[in-house]
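# Observations on the model geometry
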Amino acid sequence: MLGLKLPTDPRWVNIVEKNIEDILTDHAFCEQKATSTAISLIVSFPEYTDLVQEMVALVKEEISHFKMVHDIILEKGWILGRDRKDEYVIALLKFFPKGGSRTTQLVHRLLYAALIEARSCERFRLLSEELVDKKLALFYKNLMVSEANHYTMFLGFARQYGDRKEVDEKWQGLLDYEAEIMKDLSKSESIHG
């Protein structure tokens, strides 16, 4: 369903189990960045009314996810740690060239967002199935559904605003590129890394 070309190495869950505090901190910041992405799309492309409407709803949802993750951190007696660079996203953002028309820039941003959501969905599914902490596993199962919806929404908007054939070719190229990135990841205590 997600179209990902390389699944996460299941051993990544072992890293997560040993580093729950780090994973939760990283996850909280992922939710904050997703909120920021939605706000940025509103600010950058206000003339796309249907996109703006969906992004307003997404801001509310993503910030509520941030709060849910933050609440789990507090329940465990921890505090939110510091944000770290997301090597996955840094590498991913190198795929499309900078510049181009406003529509091209929008399509590229939507495709990046779709892929990040798809990978998050895949990771959350793995956590929901493999975590020993069943309460946390259920939490990730519920979030997995949201991430799948976000993935399809972003990809749908990219296809709506861009030329469908061109968008689908770019999407396949991005999926291939992401698979290469993933070969060097799944080795750290982060949601995407």
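Placed above this text is the structure.
A brief look at the structure comes next. (Residues numbered from 1 in each chain as written. Predicted model: local features only at pLDDT ≥ 70, side-chain atom pairs only at ≥ 80, totals over all residues. Heavy atoms only, no water.)

## Brief notes about the pattern of salt bridges
- Scanning all chains against the criterion turns up 15 salt bridges.
- The partner of aspartate 71 in a salt bridge is lysine 67, with the nearest N and O atoms 2.9 Å apart. One end of the pair, aspartate 71, and the other, lysine 67, are both in helix α3 (residues 49-75), four residues apart, so they sit about a helical turn from each other.
- On the basis of relative accessible area, lysine 67 is assigned to the partly exposed category, the value being 49%.
- Across the pair glutamate 169 and lysine 165 runs a salt bridge whose closest N-O atoms are separated by 3.1 Å. Of this pair, glutamate 169 and lysine 165 both sit in helix α7 (residues 164-182), four residues apart, which is roughly one turn of that helix.
- Of the residues examined, lysine 165 reaches a relative accessible area of 60% and is grouped as exposed. (Salt bridge = Lys/Arg side-chain N within 4 Å of Asp/Glu carboxyl O. Helix = DSSP H or I, 4+ residues; strand = E, 2+ residues; numbered from the N terminus. Buried < 20%, exposed > 50% of the residue type's maximum accessible area, 1.4 Å probe, protein only.)

## Focus on the state of the cysteines
- A full pass over the atoms with the stated rule returns zero disulfides.
- No disulfide involves cysteine 30; its sulfur sits 14 Å from that of cysteine 121, the nearest cysteine.
- When its relative accessible area of 14% is taken as the criterion, cysteine 30 is described as buried.
- The buried category is assigned to cysteine 121, whose relative accessible area is 5%. (Disulfide = S-S within 2.5 Å.)

## Some remarks on α3
- The terminal C-alpha atoms of α3 lie 39 Å apart, and with 27 residues this matches the ideal 39 Å at 1.5 Å per residue to within 8%.
- Within α3 the residues assigned to the buried category are Leu51, Val52, Met55, Leu58, Val59, Glu62, His65, Phe66, Val69, Ile72 and Ile73.
- Looking at the packing, one finds that the buried side of α3 touches α2 (20-44), α5 (102-130) and α6 (134-161).
- Positive phi appears at glycine 77, one or two residues downstream of α3, with a value of about 85 degrees. (Expected span 1.5 Å × (residues − 1). Contact = heavy atoms within 4.5 Å.)

## Re the side chain of glutamate 122
- In this structure, glutamate 122 sits in helix α5.
- Separated by 3.0 Å, the side chains of glutamate 122 and arginine 119 make a polar contact.
- Apart from the residues lying within four places of it in its own chain, the contact partners of glutamate 122 are Leu2, Leu4, Pro7 and Thr8. (Polar contact = N/O pair within 3.5 Å; in protein donor to acceptor, adjacent residues only side chain to side chain.)

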